[in-house]
Structure formats: C-alpha cells, structure tokens
Amino acid sequence: MKLANRIHRIQPSATLEMTAKAAELKSKGVEVFNMSVGEPDFNTPSNIINAAIEAMNSGHTRYTPGAGTQSLKHAIQQKLMRDNHLDYNLEEIIVSSGGKHSLYNACQALFQAGDEVIIFSPYWVSFPDFVSVTGATPVFVKTNPTKQYEPIFDELESKINSNTKGIIINSPSNPTGGVWSDEAIKRTIDIARSNNIWVFSDECYEQLTYDLPFKSTYQLCPDYDKILTFQSCSKTYAMTGWRIGYTCGNKDVIKAMSKLQGQSTSCPNSIAQFAATEALLGDQSSVKNMKAAFKIRRDLIVNRLNSMDGISCDIPGGAFYVFPDISNLINRNVCGKIIKSALDLCLVLLESQSVVSVAGNSFGANHNIRFSYATSEDTINEAMNRLEKIILDCN
Ligand SMILES: Cc1ncc(COP(=O)(O)O)c(C=O)c1O
C-alpha cells in the first residue's frame, strides 16, 4: 500500500511503546515496576470530576465553539494572570485536545517545507515529528547537562540561518527535568528576536518546579510578540486522559489554528472543558500536594542513582523525570550483555528485572535513561534495588 509521504516522516512514540510493553508484561502476570510513565499517578481531584458530572447532567454534551468555550477561555485568562502574570485577550487563546494537539496545530499553522526549526537536545520525542510532518526540518542544538540542560549558545547561533522559522523551548523539560535560568531564556529570546524567529514555549510542567519559582517565557520577555505559550491541564491536575491544553499568543496564529482545528477535531471535548474550568479556577491545594509528593520522590531517586557505581544524575529542577548518565557503563558486561548504549541497559533492566524505563536514544541522548518518578516511593525503591543489583553483578 502506498501511504502518503508525511506518514513516513514520523516515528511511533517511544514512550507510548514502552508503556505498551509494560502493559504486555503485566497481562502475562509479571509484576512490573514501571518507571516509564509520563503522567501523574494521582487521580484527578474530586472537585474536577464533580464538575464534569454536573456538566453532563446539565446537558453540556454538545459541540462547543471550535476554539473552546468562553467560560474556559475566561478561566485560562484568569489563571495566566494569577500564576504567570500574563495578560492575554480572549482572541489570543485557543483550547485544544491536550498540549500535544496544541503544539501540533501550531506547527501546522506556521511551518512548511524549506523551513528549519530549532529543537534542543535531549528533546521530547514528539517535537521532531511535529516539525517533520509539516515538511520543515528539525535542527538539533546541544545543551549543557550540568546546567539544567540550558542551550550551548555558540551552537544555537551557528545553527540559525535565513530558513530558521522557529525555536521550541521546553522548560521544565521532558525528558531531562531541566529548568532553565531566567538568563538562559532571555538570551534565547534575544537570539530569536534578532533573527525574527517564532518561539514556542512548551510550559506543560510549569507547576512542577522544586527549587525556583517558575517564570513563563513571555513573562520574562513581554516585548517580543512572536512567543507562543503552551500550557496544559494534563500534568498539573492529573488530567492526562481528559485532553485539555491551550495556546496563547499572536491572534492571527490563534485564528489559523482555530481554522485548522475546526476542520479536524471540531472542538475539544465539551465535558472536559467544564472540568478544566473548575481545575483552573477551583481549589488549587491538590496541585500543591502533588508537587510536594513529587519533590520527595525526586530527592529519593536522585540519591539512589548517585549511590550507584557507574551512574551519575544531576538534580533536575522540575517535571517528574530524572535523566541519569550511564556513560561509565558503556562497553561493560551487564547480565551477559555488552552495553553499547542506554537502550541495551533499558532492555536488560526490562527483561531481567521487569523494570520499565525509556532509553535516552529516543530523546537524542544515547548515554542516558529516563526514569519517571510519577509513581510510589515503594516502586521507586524496588526499581532502584533492581537496577543496583544488575550493576553490582556487572563486570
Ligand atoms: C514536553 C511535553 N509537552 C507536551 C506534552 C503534552 O501533554 P498533553 O497533550 O497531555 O497536554 C507532554 C506530554 O507528555 C510533554 O511531555
């Protein structure tokens, strides 16, 4: 069968693949220690669930305006002012079916063949695919692992040319958990500004910074109007399945995204939009509680990893991932397998210990492994015991 070329430009999501592998093992009755999950292990808070039930009982079960209900857009406006000191008009806001959909739509609205888009490496697996499917080319720029994966600025400047149309920032980051300093963000925006480049600021982990308060990119650089802000209810409110994300920025881009969305998904889920309105405006204590739990787990897993010979892990400032470096295990024999890259170690860990992680290979980092700590302390401890065991056994 001859499928359209655009399908061959994208890869299946590596993280979803690992989640599927974990489910397969579980279905065979194996006890699995899943450290690959990219979503909070908490339930959606009950006030949000109740708002959805009320929405259904009140008949809010029909199509909504394509770019989102007025009440949710008002809620987003208030949330952005309350948490991020950002002032957007309603026509500068669009609600989509999750942050992923928001980013995908924005890439479709702005990029095309001949364009280049800068992505910082290690990167979230979906960024290169969002860009490639438009026909544009992803261009990777290395970052500094000892400085929260901030850009190597000389490399950033050297990779920009007249085709560069966009830069994607993701702080706090998936997969590294890195949180850029205000200076790094401002310096990146200065470079974007002097080359007239669109900046996508993916802030889906904005509520999860543990050492410093989060600052939105547009809050730091309010005088640059080519910044698009992307946020999501998924990680903040444990609402990954509800599929609500939003984009804010230039109204012509928002209008273009709305046109595209109107002809693809029609509108985001009506019930989830009512739930999201409650999430953004209702009691925020669950956000604080989840963040406190994540911080304890981050400290636990970083300490465990750094106590293992051959593994080193800088302290990530946010999100719920650690991204330890396993370079010192390369070419060593672990459980009878010579480790050539992180993927080999992940496979040994999965096959011999039933611990699921994601190899850095799919994020552009062959010597790192991503462990998600959005799981219980018991699971973290058991997974780390098992990792420690195979490393101790190796020679
Ligand atoms: C960096 C990053 N951006 C965006 C998203 C999209 O999340 P959602 O579509 O659930 O809002 C994710 C989800 O894993 C992510 O890690």
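For the structure itself, look to the data block above.
We now turn to the structure provided with this report. Here the structure is a predicted model, which is why all the values come from computation and not from measurement. All residue numbers refer to position in the chain's written sequence, counted from 1. Totals for whole chains, interfaces and linings use every residue, but because this is a predicted model, local features are given only for residues with pLDDT of at least 70 and side-chain atom pairs only at 80 or more, for both listing and counting.

1. Side note on the site of the ligand
Point 1. The criterion for a residue being near a molecule or strand is a backbone-placed C-beta atom within 6 Å of that molecule or strand. Looking at the ligand, there are 13 residues lining it, with G98, G99, K100, S232 and S234 nearest.
Point 2. Gly is placed with the polar residues, together with every amino acid not listed as nonpolar (Ala, Val, Leu, Ile, Met, Phe, Trp, Tyr, Cys and Pro) or charged (Asp, Glu, Lys and Arg). By residue class, the composition of the shell around the ligand is two nonpolar, nine polar and two charged.

2. Quick look at the packing of helix α5 (residues 99-110) against helix α10 (residues 251-262)
Point 1. At a minimum axis distance of 9 Å, the contact between α5 and α10 shows a crossing angle of 110°. Of the possible angle classes, the one that applies to α5 and α10 is roughly perpendicular. Residues N105, A106, Q108, A109 and L110 of α5 form the contact with α10, whose own contacting residues are V253, A256, M257, L260 and Q261. Axis definition: a line fitted to C-alpha atoms, limited for helices to the stretch in contact. Angles are taken between N-to-C directions and run from 0 to 180 degrees. Strands are runs of DSSP state E lasting at least two residues, helices are runs of H or I lasting at least four, and both sets are numbered from the N terminus onward. The scheme is simple: roughly parallel for angles under 35 degrees, roughly antiparallel for over 145, roughly perpendicular for 65 to 115, oblique for anything else. Contact between residues is assigned whenever the C-beta positions, reconstructed from backbone atoms, fall within 7 Å.

3. A word on the pairing of strand β3 (residues 116-121)
Point 1. Partly exposed residues are those whose C-beta has more than 12 but fewer than 20 other C-beta atoms within 10 Å; with 20 or more the residue is buried, with 12 or fewer it is exposed, and the C-beta atoms are placed from the backbone. Within β3, five of the six residues are buried, leaving the element largely enclosed by the surrounding structure.
Point 2. Where β3 lies against strand β4 (residues 137-144), six bridges are found, and the strand directions are parallel. The residue of β4 that forms the bridge with F120 is V141.
Point 3. Classification remark: right-handed applies to a crossover when, strands pointing away from the viewer, the course from the first strand over the helix to the second runs clockwise. Between the parallel pair β3 and β4, the chain is carried across by helix α6 (residues 126-133), and the sense of this crossover is right-handed.
Point 4. For two strands to be treated as a pair, DSSP must find no fewer than two bridges joining them. Direction of pairing for β3 relative to strand β6 (residues 164-169): parallel, over a ladder of four bridges. Its bridge partner being in β6, I118 is matched across the sheet by I167.

4. Description of the packing of helix α4 (residues 70-84) against helix α11 (residues 270-281)
Point 1. Running from amino to carboxyl end, α4 crosses α11 at an angle of 25°, the nearest separation of the two axes being 9 Å. Comparing their axes, α11 and α4 come out roughly parallel. When the axes of α4 and α11 are compared, the crossing they make is left-handed. Residue-level contacts link S71, L72, A75, I76, Q78 and K79 of α4 to Q273, A276, T277, L280 and L281 of α11.
Point 2. Grouping the constituent residues of the contact of α4 with α11 by class yields six nonpolar, four polar and one charged. Handedness of a crossing follows from how the near helix is turned relative to the far one, being left-handed for an anticlockwise turn of less than a right angle and right-handed for a clockwise one.

5. Describing the environment of Y88
Point 1. You can see Y88 is positioned in the loop between α4 and β2 (93-96).
Point 2. The buried category is assigned to Y88, around which 20 C-beta atoms lie within 10 Å.
Point 3. It is 9.3 Å that separates the C-alpha atoms of Y88 and Q78, two residues lying ten residues apart in sequence.
Point 4. Look past the residues within four positions of Y88 in its chain and what remains in contact with it is Q77, L80, I93 and C248.

6. Focus: helix α8 (residues 182-195)
Along an α-helix, residues three or four positions apart point the same way, because every turn accommodates 3.6 residues.
Point 1. Taking 1.5 Å per residue, 14 residues should reach 20 Å; α8 reaches 20 Å between its end C-alpha atoms and fits that length.
Point 2. All buried positions along α8 are accounted for by A184, I185, T188, I189 and A192. All buried residues of α8 lie within an arc of 130° about the axis, which places them on one face of the element. Turned more than 90 degrees away from the buried face of α8, the exposed residues are E183 and S194.
Point 3. Structurally, α8 contributes buried residues whose contacts are with β5 (150-151), β6, β7 (198-202) and α9 (217-220). One fewer than the residue count of a helix, multiplied by 1.5 Å, yields its expected span. Summarising the geometry, the arc corresponds to the directions from the helix axis toward the C-beta atoms.

7. Notes on the nonpolar core
Point 1. By definition, a nonpolar core groups buried Ala, Val, Leu, Ile, Met, Phe, Trp, Tyr and Cys residues that connect through C-beta atoms lying within 7 Å of each other. Ranked by internal contacts, the top residues of the largest apolar core, which has 111 residues, are V199, F200, A275 and L345.
Point 2. Source of the domain bounds: an automatic or database domain assignment. In terms of domain composition, this core takes at least three residues from each of domain 1 (5-31 + 286-393) and domain 2 (46-281).
Point 3. Ignoring sequence-local partners within four residues, the contact set of L345 consists of I326, L329, V334, I339 and I369.

None of this, on its own, says anything about what the molecule does.
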